[in-house]
Every structure is written in C-alpha cells, then in structure tokens.
Amino acid sequence: MISRAAREIAPGMVVNLGIGLPTKVVDHLAPDFPVCLHTENGLTGIGPTLPVEDADRNLIDAGGAYVSTIPGSAFFDSATSFSLVRSGRLDLTMLGAFEVAQNGDLANWKIPGKFSPGAGGGVELAQKAQRVVVLSTHTDRSGKPKLLADCTLPLTAKGCVDRIFTDMAVVDVTPQGFALREIAEGVSVDQVIAATDAELSLPDGEISVF
Amino acid sequence: MISRAAREIAPGMVVNLGIGLPTKVVDHLAPDFPVCLHTENGLTGIGPTLPVEDADRNLIDAGGAYVSTIPGSAFFDSATSFSLVRSGRLDLTMLGAFEVAQNGDLANWKIPGKFSPGAGGGVELAQKAQRVVVLSTHTDRSGKPKLLADCTLPLTAKGCVDRIFTDMAVVDVTPQGFALREIAEGVSVDQVIAATDAELSLPDGEISVF
Amino acid sequence: MILPDKTTLIEDAIAGIRDGATVMLGGFGVPGTPFTLIRELVRQGQRDLTIIKNDANEAGMGVDHLLANGQVARLITTHIGLNPRAVAMLNSGEIDVEFCAQGILAERVRAGGAGLKAILTDIAMQTELGAGKPRIEVNGAEAMVETALRADVALLHADQADVFGNLDYAATARNFNPLMAMAADHVIAEAEAVLPLGDLPPDEVHTPGPFVDQVVRLDALSEEYGVVRR
Amino acid sequence: MILPDKTTLIEDAIAGIRDGATVMLGGFGVPGTPFTLIRELVRQGQRDLTIIKNDANEAGMGVDHLLANGQVARLITTHIGLNPRAVAMLNSGEIDVEFCAQGILAERVRAGGAGLKAILTDIAMQTELGAGKPRIEVNGAEAMVETALRADVALLHADQADVFGNLDYAATARNFNPLMAMAADHVIAEAEAVLPLGDLPPDEVHTPGPFVDQVVRLDALSEEYGVVRR
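All values derive from a computational prediction rather than experimental measurement. (Residues numbered from 1 in each chain as written. Chains lettered and ligands numbered in written order. Predicted model: local features only at pLDDT ≥ 70, side-chain atom pairs only at ≥ 80, totals over all residues. Heavy atoms only, no water.)

Q: With reference to specific residues and values, describe the side chain of E40 of chain D.
A: All names here are of chain D. Positionally, E40 belongs in helix 2 (residues 35–44). Polar contacts involving the side chain of E40 include one to the side chain of Q44, which spans 2.7 Å. Leave out the neighbours within four places in its chain, and E40 touches I10, E11 and I14. (Helix = DSSP H or I, 4+ residues; strand = E, 2+ residues; numbered from the N terminus. Polar contact = N/O pair within 3.5 Å; in protein donor to acceptor, adjacent residues only side chain to side chain. Contact = heavy atoms within 4.5 Å.)

Q: If you had to explain the nonpolar core to someone new, which residues and values would you point to?
A: If you look at the biggest cluster of nonpolar residues, it comprises 83 residues, and the most contacted ones within it are L155 of chain C together with I17 and L155 of chain D. Once residues lying within four places of it in the same chain are set aside, the contact partners of L155 of chain C are I14, I17, V23, M24, L25, G26, P34, L37, L41, N177 and I188 of chain C. (Core = buried A, V, L, I, M, F, W, Y, C linked by side-chain atoms within 4.5 Å. Buried < 20%, exposed > 50% of the residue type's maximum accessible area, 1.4 Å probe, protein only.)

Q: Residues and numbers for the interface of chain A and chain C, please.
A: Contacts between chain A and chain C engage 38 residues on the former and 40 residues on the latter. Note on chain A versus chain C: buried area summed over both sides is about 3,200 Å², and carbon and sulfur give 59% of it. Counting the surface chain A buries against chain C, the share from its top three residues, R57, N58 and P117 of chain A, is 19%. Linking chain A with chain C are four salt bridges. Two residues, K110 of chain A and E128 of chain C, come together in a salt bridge whose shortest N-O distance is 2.5 Å. For the interface between chain A and chain C, the tally reads 18 residue pairs in polar contact (both at pLDDT 80 or more). Of all the secondary-structure elements, those providing two or more residues to the side of chain A that touches chain C are helix 2 (78–86) and helix 3 (122–128) of chain A. Looking at the side of chain A that touches chain C element by element, the count peaks at five residues for helix 2 of chain A. Considering only residue class, the side of chain A that touches chain C consists of 18 nonpolar, 12 polar and eight charged. (Buried area = accessible area lost by both parts, 1.4 Å probe. Salt bridge = Lys/Arg side-chain N within 4 Å of Asp/Glu carboxyl O. Nonpolar A, V, L, I, M, F, W, Y, C, P; charged D, E, K, R; others polar.)

Q: Account for the pattern of salt bridges, naming residues and giving values.
A: Per the stated rule, a full pass over the model turns up 46 salt bridges over all chains. R86 of chain B is the salt-bridge partner of E107 of chain D, the closest N and O atoms lying 3.2 Å from each other. Taken together, the residues span two chains, with E107 of chain D in helix 5 (residues 102–113) and R86 of chain B in helix 2 (residues 78–86). One salt bridge connects E146 of chain C with K133 of chain C, and the closest N-O pair in it is separated by 3.1 Å. With E146 of chain C in strand 7 (residues 141–147) and K133 of chain C in the loop between strand 5 (118–121) and strand 6 (135–138), the pair connects residues that are 13 residues apart, well separated along the chain. The exposure class assigned to E146 of chain C is buried, which follows from its relative accessible area of 5%. Each of R74, D96, E98, R108, K133 and E146 of chain C takes part in a single network of salt bridges with overlapping partners.

Q: Pulling in residues and values, what's your account of helix 2 of chain A?
A: Residues and elements named next belong to chain A. With nine of its nine residues buried, helix 2 lies for the most part within the structure. What helix 2 keeps buried is the set S78, A79, T80, S81, F82, S83, L84, V85 and R86. Once helix 2 ends, the next one or two residues include G88, with phi positive near 90°.

Q: How would you summarise the relation of the copies chain D and chain C if you had to cite specific residues and measurements?
A: When chain D is fitted onto chain C, the two copies agree to an RMSD of 0.0 Å after a turn of 180° and an axial shift of 0.0 Å. Interpreted geometrically, this transformation is the action of a two-fold axis. The C-alpha atom lying nearest the rotation axis in chain D is that of I119 of chain D; the distance is 2.2 Å. A share of 100% of the interface residues of chain D reappears at the interface of chain C, consistent with the copies meeting face to face through the same patch. (Least-squares fit on C-alpha atoms with pLDDT ≥ 70 in both.)

Right, dumping it as structure tokens:
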C-alpha cells in the first residue's frame, strides 16, 4: 500500500506528506528521484529523517520528526509556507483519514467528545493541494468501514479527495462516486465491497493487483 | 527651516523622510545621532547619500537617490516595508505638501488635469505614521498660500498633519486649527498671517524665532 | 546616524507584561519557542493571559508551565494534541480555546502586523471552523472574513540578534516568529547570540530591527531547547 | 530525493506568454527590474498586456519599451511620474491606468500569492483612491475591500538563483519580486548568477524554489541595469 502510493508521485512534483502513514512513503522513493517535499512548518526540500543522535534541534517536520536538508532546500515562515499551499503550488498531498465520503468529503481531525486537538494545517492541505490522496486502512480498528456514503464526523474539507490507497484497494472518487481501480494481492473484490459502506463501481475486465 | 525640522527628530526614533525637501534633513543630523531612517522601497538604517561614482546600482531610496547602509541596516520586501508603516512602527514622517488644511488634511499627490503621477507610498505614510510633519514653502511659486481653511486638491489623507515647517514659520495643527509656534528670522507675524489663508492663532507672549 | 542598543535584562523586559495581556509566543513545537522568556513569565506570575501560539507544546515545556500555573484564560491556536493538560483544561472549561486553520492563524497574525483589519478567504468556509464568521462576495464568489490578530506583547526566540533587534532564525525555528514580530505593541526577543551592529548582513536579516523593542541575551539554553527523545 | 533543474532559454520562457496576458514585473525604479526579460517580451511582441508594476521606469528603460511598442493595454501601478510617455498615454487614453497606494499594491499582490481573496484595510478609504470600493464593518469600524491580484506570468530579477529556482535579491532590488513570485501562475526569474544546488544556504533564500517555474541565466547586464546619471 505504501509502495503503491509512492508510485503516485510523478517526477518534478511538490508534495506534502501528512503525519502518520503518508510520512512513510518517503522511504519508497529512489535517492535520485526528482521531487520536492514540503512541510508546513517551513521547509521545502526535506531530506532523510535522522536518528535522535544526529538530529538538529531546530530542524523538524510538522509531525515533530527530526529531518534533514538536501542541496536546494529552503526555510521560510509559516505565512509563506501556507501561501505555497493556498496559491496552488502543491501538486499533491497525501493525508490520513477517519472517514472519506463518496463525494470526496474528508474527515480527519475531530471525533466530537473524544478527540479534538485542532485541525493544524490539514484544512488547507485538503482544500488547496492540486491533488489530494488519502492513505488509510480500509476499515477502523473495530472493523468499521472508513469509505462511506456520507461522512458522520466534522469535515476537514468538502469534496477534496481524488484517490484513496488502503490496505485492500485503490479507490478513485469520481463524479459517479467510488470507483475500484486496483486490489491488494490476496484480497477479493467481494471483500472490498463488503468493507466499503457505499456504492463501489467496478472496472470493466480484469482488475489490477498491487 | 531644514535645520529647525531636523530638531523634530528625537533620539531612538524610526523616521521616513519623503522625497524633496524632507530628504535634506538628513544632512543636519550629527553622525552619532541615534535614529533609524526608513525608506519604503525596503531599507531601515539609511546611511549617507553617495555620489554616482561610489553608488551601488541596487541601493536606492524611494526617491531614486543612491544611498548607503550603516551597521545594523536591514533590507526587506515592499510588503514588510509598509507593514512597518501601517502597524505603527514609524514614529515620524516628514512630507512635502501642495496644500494643508487647518484640520490637518493633506494634499500632495495630484493636481487634476496637470499632474497625476499616482500617490506612491505617500497615502500610507500620511495616514499611519505616529507623527506627520510637513516641510514646504509657505506659499507656492505664484505666491498663493499653501496653508488653507480647506484643501481644494484631492487629499492624500484626512486630518493627518501634526506640524508644518515652512520658510516663514512653524505652525501646529490643533483641534482649534492652525497655531503659530515660531517664526523664521527676519519674518514678521503679520507677514505669516498674510501668507496664510486660514485663521492662525498666536502664542501668548513673545514668539520664538528660528 | 547610529542605531540604538535595545538589550535588556529579562526581568525588566517581562515586567512590562500586565495581568490580562494578550501575548503571542513564537514557535512550532520546540523550534522557535522562547522557553526562557516563558519561564520568567511563569516566575513573575501575570494572570488571565490570552496566549496566541501555534501549539501548546508538550508536557513540562513552554506553554505547559503557564497552563499548570493557572496563568492562561484563553488560547488561540491550531493544534494542542501533544499537550494532555491543554486538552483536559479545554474539556473542563478551565481555559477557553479558539482553533484556527494553521495557515489562517499565520495570516491573521500577519494581517495584524501589516496593519490590515482582516483578510477574506475561502479556507474552512464549509467546515465548523468557519461557522458563524461573516461572509461577503468578492469577484462573484463567497469569501469569509477572518479578522486580524494583534497582541500587547510578542515573545520571540531568535538564533542571532544584533543589539538593535535585527533577528535571524535557524532552520524551522522561524515559523511564526517573524509574523508575531510585526503584530504586537511590544516585542521582546530572546537570542542565543547577541552580536554588535554590523555583524548581521542586511540581506540576511529575517526580522528588521524596528519591529523589535527589547533584546534579551540567553547565557545558556535549558533542556527544553534540546532534541526531544520520544 | 533530488530537486529538478529549471534553467531555460529566454526565448522559450517568454514564448509562453500570450496576447492579452496579465504580467507582473518586479522592480522599484531600476533595482529589481527584469530588463532582459522585458527586452525579449518586446522582441516577441505579445500585445494587449495588463502590466502590474510599482512604477513605469524612466524613458528608454524597461516598461517604457513595452509602452513605446504599443504592447500595453492596462497598467496597475503606484507612480508613473518619472515616465513622460506613460503620463502622456494615460492622458490620451491610449492606456488604462489603475493607481494603488504603494503598500496596498504590495498587499494585493501578496494576497494573490497567499491564495487569499481580498484584504480589508482603512488605507485611502477617505480619498479618491478608495472611491467606489466596497466597505464592510470589522470589529465595529468601517474597512474597505481591496481585492487580491494574480497574474498569468511574473517576470523577476534575482541577484542569485540556484537551478531549482531558489532566489536571492540584492539590497533594495528585492522590493516587489518575492511578492510577485508567489502571485502568478507561471514565474520566470532572470538571475545574474545561476548556482548549482546547495550553493544558496537554506536560511538565506528569499524566494523558495517551488514558487519559480523557469530560471534564465543573464550572461551580461545591459546598460539599463547600471547607475543612472541624472
């Protein structure tokens, strides 16, 4: 799933990888792959994550991981950082999710009464990146589907999600709703349908396996 | 008049000197006087004006003069420059004038049909500097008063002027209108009154001469 | 012309803060947080503060001391998930918390610093973060008013300062610091190094000196500034 | 990960500009004006342009060539007093000129670059520059809407660039360049020196590379860049 998501990144893109699963995508990019990674706390050109003993105390990503620079990195303030996001310079963001609706609505920041830490930079990433993909397990820990007809939680942004990578499948959000594109090795189409709480259109012909 | 105006600058101030007469004030400040001069094209800590042969082609003030830096100067963009002005960090600006009204209205950027080059940075300097003083001849070239009951030209800013230095007098703008504070050597109070097209209140007792 | 020296003793700098003040704090996580200035604010004990900061730090660090000491009435922030005390005090109603989208908090602070009244944006307009905020039409599309934020005092952390208050920040310690430097009536910067005038190249200054009122030299860095071992 | 090389031939870079385009030009007077890119735009002759620039340069320089060549339909600016041709073309109606207060032009461009819809300000509200602009109440006081500006293309002048498009400006040549770098769909920077990746320290970058699409190396500087002898 992570390595499949990494193939979503085209050469030359500017990409923001959200906290959690998306951050792991970086480990699946070749060292000479031309891509500019952005973190919203003020850095373009993120280099490899460093172990604590090699860390620079002033150099973190938005998730608090100690990262490094590469030749051509730049530091900037928080206003410039989100100017980059809101003015459309971010080609792609990969975000985690609590729920995704078939119209592309995303909920990933608040579970009322349980978890309300604030949305951080997620609202602007979801609303303004040119392409928004979600990396998430297909169901939550109790087995409840995360791909739904409608979100039940407070939204991060409306109609923002383009594609979803899960442990079971690759699903696109289309004007007609969820469309199954690929399935994970060892998973059946019926299992994906059963784990999805919305209509799921199937491809004509044989389905790709990742 | 210029040297009198220079005494308006208190130690530690941040000051913007407008194009024309105000720029000359800098020549009347002692080399060790603690003041930070600002120019709206992006510099705090202006040093002496340089002759063309010593000039840096990238280092001008807003009037196009080739200036220099001093220890502690900083360069910044135009948005930061006017943030400094609008957020109240400019203690004093000295501006030229076509007309000043007794309520402090200032007109210094447009003579309809004759001269309409645009207001440049003048509107924000006039409206937002903590203290606005005008340096100007008392009358125009044809002898017409510049201190008026009401401005006739398009305004730069309303009610912005605190004090006026002219070749004839120092005049304050008060809630009661123009108040004569000082007169130039060799000028009589009657001459100032005659050259002013508005009520002018006189000081009790003897008037200072500059 | 010469530029004045703004170096100040930390006790005197923080003593200018009053009960009920609105205080901006630089920093995103550890980098850029003025831990030493915050410690002095805790020692002096000003109360009923409104704090504007990206996050609430973690347990035992920065903002957490102000919360533990009961000095905070209100917090304007983007994310407090790493500070259990902040979450608990929000839930119990001990503090009032206003959440912003992160880039909108940055823009609201910057707008205050730029002498603007507000910005008009479409961010979060269709979510609960935008509920109740005024809308107007701009060029045929709906936009939401986000008002400018200003503070009585901003506390900043710089890597290097000169005595006039020109500031340079290190790496991702820049974050909200240069924005808050413009947006407060009184700006106090702590700096790891305070240099003579002329030692910061004018093209490399991140915050110009005229925005800064007082510069506090840090003689040593406490553990809070270090790498966090999780 | 490595960062891509954006160096481009000037002919190819400027060929992307179409008739009728809105073009932002960096510069305040001479410093920061992309004279070489402008010369190429004159050579290629795209017409009906809307130009956004602080000023109209002086006779025989920069914007003046575009005006003389009849390529400009509209100019959004703060001051054109040093260019008699611009004043004459304004008076004769040959070009349409929109004047802004200088800092408001900077903020409108920046707002475009920051993905905002507009700003709310009290600047020029009581003068003819504010006539006809919408007003709304913000925190009990009236404020005026100034809409964000964006362009199809921005032409910038940098002192140093790296091949990824990180830019550094020299002295007062910075001015509008970093703002316009954020505010156009396509950003072309000419640079006096184009350096390999890693030669610009990340803390000293003025415009981060992701905002820039193409970098043009200046092999020589024309007379226009020099000190003006008045």
